[in-house]
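Each chain, letter by letter, is given below.
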Amino acid sequence: MDIKKRVSNEELLALTKKAFDNNEVAEFLCGENGYAVHGNPDIPANIPTDFNRILINGIYKLYSKTHDEKIIAEFRKAIENLNDTPIRVWCAYMACWNQIFNEHSKYPSPFMMADETLLNKMRVNLLSNEMSLRNCKDWMGNNKDDGLWGYINHLDHILMEDCGVCLL
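So, how was this worked out
Residues numbered from 1 in each chain as written. Predicted model: local features only at pLDDT ≥ 70, side-chain atom pairs only at ≥ 80, totals over all residues. Heavy atoms only, no water. Core = buried A, V, L, I, M, F, W, Y, C linked by side-chain atoms within 4.5 Å. Buried < 20%, exposed > 50% of the residue type's maximum accessible area, 1.4 Å probe, protein only. Helix = DSSP H or I, 4+ residues; strand = E, 2+ residues; numbered from the N terminus. Contact = heavy atoms within 4.5 Å. Polar contact = N/O pair within 3.5 Å; in protein donor to acceptor, adjacent residues only side chain to side chain. Expected span 1.5 Å × (residues − 1). Arc of directions from axis to C-beta. Disulfide = S-S within 2.5 Å. Lys, Arg positive; Asp, Glu negative; His and termini not counted. Salt bridge = Lys/Arg side-chain N within 4 Å of Asp/Glu carboxyl O. Phe/Tyr/Trp six-rings, centres within 6.5 Å; stacked < 30°, edge-to-face > 60°.

The subject of this paragraph is the nonpolar core. Counting 56 residues, the largest nonpolar core has Leu-29, Ile-59, Phe-75, Ile-79 and Trp-90 as the members making the most contacts within it. Elements that contribute at least two residues to this core include exactly helix H1 (9–21), helix H2 (25–30), helix H3 (51–66), helix H4 (69–81), helix H5 (86–103), helix H6 (116–128) and helix H8 (147–163). In terms of residue count, the dominant contributor to this core is H5 (11 residues). Residues within four places of Ile-59 in sequence aside, it is in contact with Thr-16, Phe-20, Phe-28, Leu-29, Ile-54, Ile-71, Phe-75 and Phe-111.

Topologically, Glu-32 is positioned in the loop between H2 and H3. Glu-32 sits in the partly exposed class, given a relative accessible area of 23%. With 99 residues separating them in the primary sequence, Glu-32 and Met-131 have C-alpha atoms 23 Å apart. In terms of polar contacts, Glu-32 uses its side chain to reach the side chain of Arg-88, at 2.8 Å.

Before going further, it helps to examine H6. Taking 1.5 Å of rise per residue, 13 residues should cover 18 Å, and H6 covers 18 Å from first to last C-alpha, within 8% of that figure. Three or more residues of H6 are buried, namely Leu-118, Leu-119, Met-122, Asn-125 and Leu-126. Along the long axis of H6, the arc covered by the buried residues comes to 125°, so they all point the same way. In H6, the exposed positions angled more than 90 degrees off the buried face are occupied by Glu-116, Val-124 and Ser-128. Those residues of H6 that are buried are in contact with H4, H5, helix H7 (130–135) and H8.

By definition, a disulfide links the sulfur atoms of two cysteine residues through a covalent bond. Applying the stated criterion across every chain, the model contains 0 disulfides. Cys-163 provides the cysteine sulfur closest to Cys-96, a residue in no disulfide bond, and the two sulfurs are 11 Å apart. The buried category is assigned to Cys-163, whose relative accessible area is 13%.

We now examine the side chain of Glu-27. Turning to its location among the elements, Glu-27 is positioned in helix H2. Look at Glu-27: it is buried, it has no salt bridge, and the nearest opposite charge is Arg-88 at 4.3 Å.

A separate point is the pattern of salt bridges. The final tally for this structure, using the stated rule, is 9 salt bridges. Where Arg-88 meets Glu-32, a salt bridge forms, and the shortest distance between an N and an O atom there is 2.8 Å. Separated by 56 residues along the polypeptide, Arg-88 in helix H5 and Glu-32 in the loop between H2 and H3 bring together distant segments of the chain. Here Lys-121 makes a salt bridge to Glu-80, at a shortest N to O gap of 3.6 Å. In this pair, Lys-121 sits in helix H6 while Glu-80 sits in helix H4, placing the two residues 41 residues apart along the sequence. In this structure Lys-121 comes out as partly exposed when scored by relative accessible area, which is 43%. Via salt bridges that share partners, Arg-76, Glu-80, Asp-115 and Lys-121 belong to a single interconnected network.

Scanning the entire structure with this criterion turns up 7 aromatic pairs. Arranged with centres 5.6 Å apart and planes meeting at 80°, the rings of Phe-51 and Trp-90 form a pair that is edge-to-face. Within this pair, whereas Phe-51 is found in helix H3, its partner Trp-90 is found in helix H5, the two being separated by 39 residues in sequence. Aromatic side chains Tyr-60 and Phe-111 sit 5.5 Å apart centroid to centroid with 90° between the ring planes, which places their arrangement in the edge-to-face category. Remark: Phe-111 occurs in the loop between H5 and H6 and Tyr-60 occurs in helix H3; sequence separation between them is 51 residues. Take Tyr-60 and Phe-111: they sit in the same class, and that class is buried. Ring-pair connections join several aromatic residues into one group, and the members of that group are Tyr-60, Tyr-63, Phe-75 and Phe-111.

Here's what the structure looks like:
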């Protein structure tokens, strides 16, 4: 587990560019290998990185500056391929969840990415990793009887209520 860093928005944009330049988008989304970013210290959350902040002030800013479609493709590919550990599956879910939420927000994503293909891949990834997610008590799963699966289930209900999208 990396130590979370408090970084400015400018530093976050540079970190995002580095992740895309070095083909480390998956690590960036999971806060691994020096990519962990502190969230708001006033909002306690047991997460490896601030998922929404890295999207809004990282990926979205980089895309808005460059309009490079490769950013969307690499972001999507990272979400689809984060499936080797329960933590990485959860990080993929969190990135996807935030993307869907932002696509339906009054402060929307600068691009639309959450199509049926991505949603189906995420759904398959979640369901095929259900048992390992239930057994994972790390991060937001530490106070849940059914580990990260319980947290995902909770967030999925919010997603359905607010956006009409369900991943489980």
